[in-house]
Amino acid sequence: MTKSELILRLAEQNPHLYQRDVERIVSTIFEEITAALARGDRVELRGFGAFSVKRRGPRVGRNPRTGEAVHVGEKYIPFFKTGKVLRGRLNGER
Amino acid sequence: MAGKTVTRADLSEAVYQEVGLSRNESADLVESILKEISDALIRGEGVKVSSFGSFSVRQKGRRIGRNPKTGEEVPILPRRVLVFRASHVLKNRINDTLTDTAGAAS
């Protein structure tokens, strides 16, 4: 399922909304999650999962081809942990 | 790091502010979106959200684990796990604001 298929499904379920409103709703939600992570906040959606940001400290990496040492600066990576309910449902629990 | 936690309530408030639906309907839509994504994943279907990331379901085989406290061996049964891969757009947004040396290394 892609974002546009998600929008179509929601538009079908909500015939009283314009499709462009559904588009704005979906975009708003992903934008809010993105903005929260960019502030370093966590996003916790009980039953679904939680998004957080993890810091990776600076390190000395190596160019695998030349073996040359290169400095890799600190970076932050987004992380998702599946919620208990969804994890159970993926494995056949109700 | 800030350490605030954003929840469903914040997402529906954002929808309410942005689109002007009632608060109740905004909350219902947030719920519908999470439900549609979950249902697709449970069907074994991946979910791709452009400029955000993709969720996919991976099948894991049986393996022997160990209780870290007692050292006892326990079988870990085959199961399905959810994997999230963040898009470059999302990674860049996060690093642009959180790193001091943003842009210095690729």
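Only a predicted model underlies this, so the values are computations on that prediction, with no experimental measurement involved. Within any chain, residue numbers begin from 1 and follow the written order of that chain's sequence. Written order decides the labels, with chains lettered from A and ligands numbered from 1. pLDDT decides what is reported in this predicted model: residues at 70 or higher carry local features, side-chain atom pairs at 80 or more are listed and counted, and totals for whole chains, interfaces and linings draw on all residues regardless. Just so you know, side-chain values use all the structure's heavy atoms and leave hydrogens and water out.

### Some details on unusual backbone geometry
Reasoning step 1: The phi angle at S51(B) is positive, at roughly 60°, despite the residue not being glycine.
Reasoning step 2: Segments assigned H or I by DSSP are reported as helices when at least four residues long, segments assigned E as strands when at least two residues long, and all are numbered from the N terminus. Structurally, S51(B) can be placed in the loop between β2 (47–49) and β3 (53–60).

### A closer look at the domain arrangement of chain A
Reasoning step 1: An automatic or database domain assignment is the source of the domain bounds shown. We note that the domain assignment places domain 1 (1–39) and domain 2 (42–94) within chain A.
Reasoning step 2: The distance between the C-alpha centroids of domain 1 of chain A and domain 2 of chain A comes to 24 Å.

### Notes on the interface of chain B and chain A
Reasoning step 1: Any two residues whose heavy atoms approach within 4.5 Å are treated as being in contact. Contacts between the two partners involve 53 residues from chain B, matched on the other side by 47 residues from chain A.
Reasoning step 2: Buried surface at the junction of chain B and chain A, both sides included, amounts to about 4,800 Å², of which 66% is carbon and sulfur.
Reasoning step 3: In what follows, salt bridge is the name for a side-chain nitrogen of Lys or Arg lying within 4 Å of a carboxyl oxygen of Asp or Glu. In this structure, the connection of chain B to chain A is made through four salt bridges.
Reasoning step 4: Notably, a salt bridge pairs R89(A) with D39(B), separated by 3.5 Å at the nearest N-O pair.
Reasoning step 5: Between N or O atoms, a polar contact is any pair within 3.5 Å; within protein, one atom must be a potential hydrogen donor and the other a potential acceptor, and residues adjacent in sequence are included only when both atoms are from side chains. Our count for the chain B to chain A interface comes out at 19 residue pairs in polar contact (both at pLDDT 80 or more).
Reasoning step 6: Listing elements by their share of the side of chain B that touches chain A, those giving two or more residues are β1 (5–6), α1 (8–19), α2 (23–42), β2, β3, β6 (79–86) and α3 (88–98) of chain B.
Reasoning step 7: It is α2(B) that provides the largest number of residues to the side of chain B that touches chain A, a total of 13 residues.
Reasoning step 8: Considering only residue class, the side of chain B that touches chain A consists of 29 nonpolar, ten polar and 14 charged. Buried area: the sum, over both parts, of the accessible surface (1.4 Å probe) that disappears when the two are put together. Under this grouping Gly is polar, as are all residues other than the nonpolar Ala, Val, Leu, Ile, Met, Phe, Trp, Tyr, Cys and Pro and the charged Asp, Glu, Lys and Arg.

### Some words on the pairing of strand β2 (residues 49–56) of chain A
Residues and elements named next belong to chain A.
Reasoning step 1: When DSSP locates at least two bridges between a pair of strands, those strands are taken to pair. Of the strand pairs in this sheet, strand β1 (residues 42–45) and β2 are connected by three bridges, and their pairing is antiparallel. Looking across to β2, one finds that E44 is bridged to A50.
Reasoning step 2: Adjacent in sequence and paired antiparallel, β1 and β2 are bridged by three residues, among which G47 carries a positive phi angle near 90°.
Reasoning step 3: Sheet analysis places β2 next to strand β5 (residues 75–82), joined by eight bridges and oriented antiparallel. Within β5, the position partnered with R56 by the bridge is K75.

### Observations concerning the packing of helix α2 (residues 19–38) of chain A against α1(B)
Angle between the axes and distance between the axes are the two parameters that describe a pair of packed helices.
Reasoning step 1: Contact geometry of α2(A) with α1(B) gives a least axis separation of 9 Å together with a crossing angle of 135°. Between α2(A) and α1(B), the angle falls in the class oblique. α1(B) is crossed by α2(A), and the crossing has right-handed handedness. Contacts between α2(A) and α1(B) involve D21(A), R24(A), I25(A), T28(A), I29(A), E32(A) and I33(A) from the former and L11(B), A14(B), V15(B), E18(B) and V19(B) from the latter. Here, axes are lines fitted to C-alpha atoms. For helices the fit covers the stretch in contact, and angles between N-to-C directions go from 0 to 180 degrees. Orientation is classified from the angle alone, with under 35 degrees giving roughly parallel, over 145 giving roughly antiparallel, 65 to 115 giving roughly perpendicular, and any other angle giving oblique. Crossing handedness is defined as follows: a turn of the near helix away from the far one that is anticlockwise and smaller than a right angle gives a left-handed crossing, while the clockwise case is right-handed.

### A closer look at the environment of V49(B)
Reasoning step 1: Assignment of secondary structure puts V49(B) in strand β2.
Reasoning step 2: Sequence-wise, V49(B) and L98(B) are 49 residues apart; in three dimensions their C-alpha atoms are separated by 23 Å.
Reasoning step 3: Excluding anything up to four places from it in sequence, V49(B) contacts K3(A) and F30(A).

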